[in-house]
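# Remarks on the overall topology
Okay, here's what each chain looks like letter by letter:
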Amino acid sequence: MSQLEAEDDILSGLNPQQREAASHGEGPLLIVAGAGTGKTATLVHRVAWLIGQGIDPRRILLLTFTRRAAGEMLRRVDRILARQAGGGSLVRDARVWGGTFHAIATRLLRLYGKSIGLAAGFTIHDRSDSEDLLNVVRTELGLAKTDKRFPKKGTCMSIYSRCVNARQRLAPVLKRHFPWCEDWEDELKRLFDAYLDRKEAAAVLDYDDLLLYWDALLADEEAGERVRARFDCVLVDEYQDTNSLQASILARLCPTGRGLTVVGDDAQSIYGFRAATVRNILDFPKQYPAATIVHLEQNYRSTQPILAAANAVIGQARERYQKQLWSDRSGGDKPLLVTCENEQDQTESVIRRILQRREEGIDLRRQAVLFRASHHSIMLEAELTGRNIPFHKYGGLKFVETAHVKDLMAFLRLAENPRDLVAGSRVLVLLPGIGPKRSRALMQLLVESGGSLEPWRSWTPPLAAASEWPRLVELLEELRGGEQGLPAQIHAVRAFYEPILLEKYDNPAPRSRDLEQVEQLSSRYADRQAMLVELTLDPPSSTQDLAGPPQLDEDYLVLSTIHSAKGLEWDSVFVIHAVDGNIPSDMATGSPEEIEEELRLLYVALSRAENFLCVTCPLSYYYSPGRWSDAHGFAQMTRFLPPHVRKLFRECVSWIGGDGAGEEAEIVTGLSSEAIRRQTKDLWS
DNA sequence: CTGTTGAAATTTTTT
DNA sequence: ATTTCAACAG
């Protein structure tokens, strides 16, 4: 095969714009890719094309939003190259560097961290670990009890995190995002100072540090040059969801923009709460004047009526790259907009349609239910469970965030890094007679001994812990010895922890089974460090994921937060709770920018659908997620579906008939029951 | 100091 | 429902 034919083969199946993007040369490249325009395919082909041009795969860096995205893209690159090379794969042995910013940062910092004074054996704190450490410092500084309430640990963490990720000073961050904390500026400064000290003493990095240290590594003259020299090409997916710090990392990696490719859609920027800024993608051409911009506008995903509805929604946005998505997938029905009496009604209506779709030959796994907040699916989950309809839920509380799994991991982390104060305290307070004070003192001993367990061995525990203490020390020494394989280590931890677990929880059986599962799963990881890193940086998003790849014949419905649905697509999509207060979330109506992000969120949700889209609005809702109160109120349909947008939907009203089977009436006049109810409500509200 | 008990407050998205 | 905080007994 000639070179030209080979190139052609790699690029086959791409439209002209995609082709231009995939085979672009060395200059900085911005691909503005609307929803469903084959963004992933383009990026995958670009990587394959670069390798086809003779670039060493190991010198390509592919930054994605999740590990799953990276894995899937690299598999596709492999397939293209294998097809071209007639079987043998170039990439498998010489891997492209692929992963999230945080995962890549970890790899690089393990390699080069020493040159900027970072301990090699650092462990990584997830969000709640970081909050715990911050809380320790908060208590120590006496900020926990003040006359006026000091911000809680979660709030402090958010403030800190925003400063770091947005690279902004404390004062403006407080003023703009946390005005109710402005009085505490001095205390917060002290708190953050002390927090930095404690992290250093404990040899731990939090999520933000990973980026911060990567950036610092690149800023270092010598180390920075070595890292830069590693890569010829840097490709970034979901660029609209990167923050200022990540942009800085990229600028240091590719100072002239040479070799830099970014892909994204400003209309899908939905991580502002994590300090992502749509300015990164909007200002890319300004930052790299030599940049080539390619627009992908042909949508391959959705039918014309679905696309029209989604376009109308995003059409309400203020500033964005003008693009008109079009689809030649004509035909198909208008999306449905179902007004429901209440949440039960919504649940019933959604399940009935899902089963109906299944009857029509659409497997459950090709259908998804999307919602703004994790708890919005509680009732649906209960009902699905009751009817034996299998589902996987993405987003929300993760398996590794449950208390018992965290306990187990704390043992491993303490063995990995004896200075890790949060992990250590977590383990120590499990023992009777040891509380916060003693655990603090014990961890101090370890920090001073440089990680040796000797001071613990000679410590005299209080009577209550007398029998457990020597066993704990012995366990930790075993773990530290590194003689045992990972599953054996976990087995040993379980043996120690099991009685504590039985004591600690009301319903310990399922928790105990979870830990058994963790032990089984652990054999998949190279070693303890690999497992700890992967579980903190990219935890399995559903319990089912943990059990391994699903069987091929297994069919399950997907439930997902809209955030976790990013980049994915399904034949049929149901968007539930499309009422004001949920979309936009009451939490996010403080500023026009926040509201605009909520609008984009709805756009992301709608644009996931290929052939069938259904939006539901339960009008009566409970104030609180749980059911400990029956206080309820009436909601209004989301403000993002004003009448002119609603015209693109087929509107229905749904109610539950006497036999539980739903009935529906199409709305023919402009006056919906919602409107009637609203008018009535106006009489007294 | 630890561990328990009771009262009060809470509200979202995630690497 | 769950988390957080203060008060108090051992």
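Refer to the structure above for everything that follows.
A quick note: this is a predicted structure, and the numbers were derived from the prediction, not measured. (Residues numbered from 1 in each chain as written. Chains lettered and ligands numbered in written order. Predicted model: local features only at pLDDT ≥ 70, side-chain atom pairs only at ≥ 80, totals over all residues. Heavy atoms only, no water.)

Using the criterion set out here, one finds 15 aromatic pairs in the structure. Judged by centre distance (5.4 Å) and plane angle (45°), the ring pair of W456 and W469 falls under tilted. Of this pair, W456 sits in helix 21 (residues 454-457) while W469 is found in helix 22 (residues 468-481), placing the two residues 13 residues apart along the sequence. For W456, a relative accessible area of 0% puts it in the buried group. Since its relative accessible area comes to 3%, W469 is described here as buried. Ring-pair connections join several aromatic residues into one group, and the members of that group are F65, Y271 and F273. The lysine or arginine in question, R511, covers the ring of Y505, its NZ or CZ lying 3.9 Å from the ring centre. (Phe/Tyr/Trp six-rings, centres within 6.5 Å; stacked < 30°, edge-to-face > 60°. Helix = DSSP H or I, 4+ residues; strand = E, 2+ residues; numbered from the N terminus. Buried < 20%, exposed > 50% of the residue type's maximum accessible area, 1.4 Å probe, protein only. Lys NZ or Arg CZ within 6 Å of the ring centre and 35° of its normal.)

Throughout the structure, instances matching the rule amount to 41 salt bridges. A salt bridge links R67 to E534, with the shortest nitrogen-to-oxygen separation between them at 2.3 Å. With R67 in helix 4 (residues 67-85) and E534 in helix 25 (residues 528-537), this residue pair connects regions lying 467 residues apart in the sequence. With a shortest N-O distance of 2.8 Å, D129 and R413 are connected by a salt bridge. Of this pair, D129 sits in helix 6 (residues 127-140) while R413 is found in helix 18 (residues 403-416), placing the two residues 284 residues apart along the sequence. Relative accessible area serves as the criterion here: at 3%, D129 is assigned to the buried category. R413 gets classed as buried once you look at its relative accessible area, which sits at 8%. Ionic contacts of the salt-bridge type, sharing partners, join the residues K39, D237, E238, D241 and K566 into one network. (Salt bridge = Lys/Arg side-chain N within 4 Å of Asp/Glu carboxyl O.)

Moving on, we come to unusual backbone geometry. The step from I583 to P584 runs through a cis peptide bond, and the omega angle for that step is 0°. Relative to the assigned elements, P584 resides in the loop between strand 13 (570-575) and helix 27 (592-606). Of note, the phi angle at H577 is positive, near 60°, even though the residue is not glycine. Relative to the helices and strands, H577 is located in the loop between strand 13 and helix 27. Classification of H577 by relative accessible area gives buried; the value is 6%.

Here helix 16 (residues 343-359) is 17 residues long and its end C-alpha atoms lie 24 Å apart, about the 24 Å a rise of 1.5 Å per residue gives. If you check which residues of helix 16 are buried, you get E343, D345, Q346, T347, E348, S349, V350, I351, R353, I354 and R357. You can read the cap of helix 16 off the contacts: a side-chain oxygen lies 3.2 Å from the backbone nitrogen of Q344, and it is on N342. Downstream of helix 16 by a residue or two, G361 has a phi angle that is positive, lying close to 100°. (Expected span 1.5 Å × (residues − 1). Polar contact = N/O pair within 3.5 Å; in protein donor to acceptor, adjacent residues only side chain to side chain.)

General note: in soluble globular proteins, nonpolar side chains tend to be found buried as a group. Formed by 113 residues in total, the largest nonpolar core has its most connected members in L188, W214, V234, L253 and W456. Listed in part, the 45 residues of the second largest apolar core include A35, I306, I314 and V579. (Core = buried A, V, L, I, M, F, W, Y, C linked by side-chain atoms within 4.5 Å.)

On to the packing of helix 18 against helix 24 (residues 508-521), then. Contact geometry for helix 18 and helix 24: axes closest at 9 Å, N-to-C directions at 45°. Relative to helix 24, the element helix 18 lies oblique. Of the two possible hands of crossing, helix 18 and helix 24 adopt the one that is right-handed. Facing helix 18, whose interface residues are H404, V405 and L408, helix 24 presents R511, D514, L515 and V518. Across the contact of helix 18 with helix 24, the residue classes tally to 4 nonpolar, 1 polar and 2 charged. (Axes fitted to C-alpha atoms, helices over the stretch in contact; angles between N-to-C directions. Parallel < 35°, antiparallel > 145°, perpendicular 65-115°, else oblique. Left-handed = near helix turned anticlockwise from the far one by under 90°. Contact = heavy atoms within 4.5 Å. Nonpolar A, V, L, I, M, F, W, Y, C, P; charged D, E, K, R; others polar.)

It is at 10 Å that the axes of helix 18 and helix 25 come closest, and there the two elements cross at 125°. Of the possible angle classes, the one that applies to helix 18 and helix 25 is oblique. Crossing of helix 18 over helix 25 shows left-handed handedness. Residues M409, L412, R413, A415 and E416 of helix 18 pack against R528, Q529, M531, L532 and L535 of helix 25. Each residue belonging to the contact of helix 18 with helix 25 can be placed in one class, and the counts come to 6 nonpolar, 1 polar and 3 charged.

We now examine the protein's contact with DNA strand B. Around DNA strand B, the structure places 27 residues, and the nearest of them are R274, R372, S374, G433 and G435. Restricting the count to atoms of DNA strand B within 4 Å of the protein gives a sugar and phosphate share of 61%. Between DNA strand B and the protein, one listed contact pairs a base oxygen with a side-chain N or O atom of H102 at 3.1 Å. For DNA strand B, a base oxygen lies 3.4 Å from a polar atom in the side chain of H563. For the surface near DNA strand B, the leading source of residues is helix 20 (residues 436-449), giving 3 residues. A class-by-class count of the residues in the surface near DNA strand B yields 9 nonpolar, 12 polar and 6 charged. (Near = heavy atom within 4 Å.)

This next bit is on the sheet that holds strand 1 (residues 29-33). Read across the open sheet, the 6 strands follow the order 3-2-6-7-1-8; overall the sheet is parallel. Of all strands in the sheet, those with a lone pairing partner are strand 3 (97-100) and strand 8 (292-296), marking the two edges. Strand-to-strand, the axes of this sheet are offset by a mean angle of 15°, without reference to chain direction. Each of strand 1, strand 2 (60-64), strand 6 (233-236), strand 7 (260-264) and strand 8 touches helix 3 (residues 39-52); the most contacted strand, strand 6, lies at about 170° to it. (Pairing = 2+ DSSP bridges.)

What follows covers the side chain of E519. Mapped onto the elements of the fold, E519 is located in helix 24. Of note is the side chain of E519, whose polar atom sits 2.9 Å from the side chain of H491. A polar contact of 2.5 Å, which involves the side chain of E519, links it to the side chain of R494. Excluding residues that lie within four positions of it along the chain, E519 makes contacts with P487, I490, H491 and R494.

Another aspect to go through is the state of the cysteines. Tallying each qualifying case throughout the model produces 0 disulfides. C181 supplies the cysteine sulfur nearest to C163, a cysteine that is in no disulfide, at a spacing of 11 Å. Judged by its relative accessible area of 14%, C163 falls in the buried class. C652 takes part in no disulfide bond, and the closest cysteine sulfur, belonging to C614, lies 7.9 Å away. (Disulfide = S-S within 2.5 Å.)

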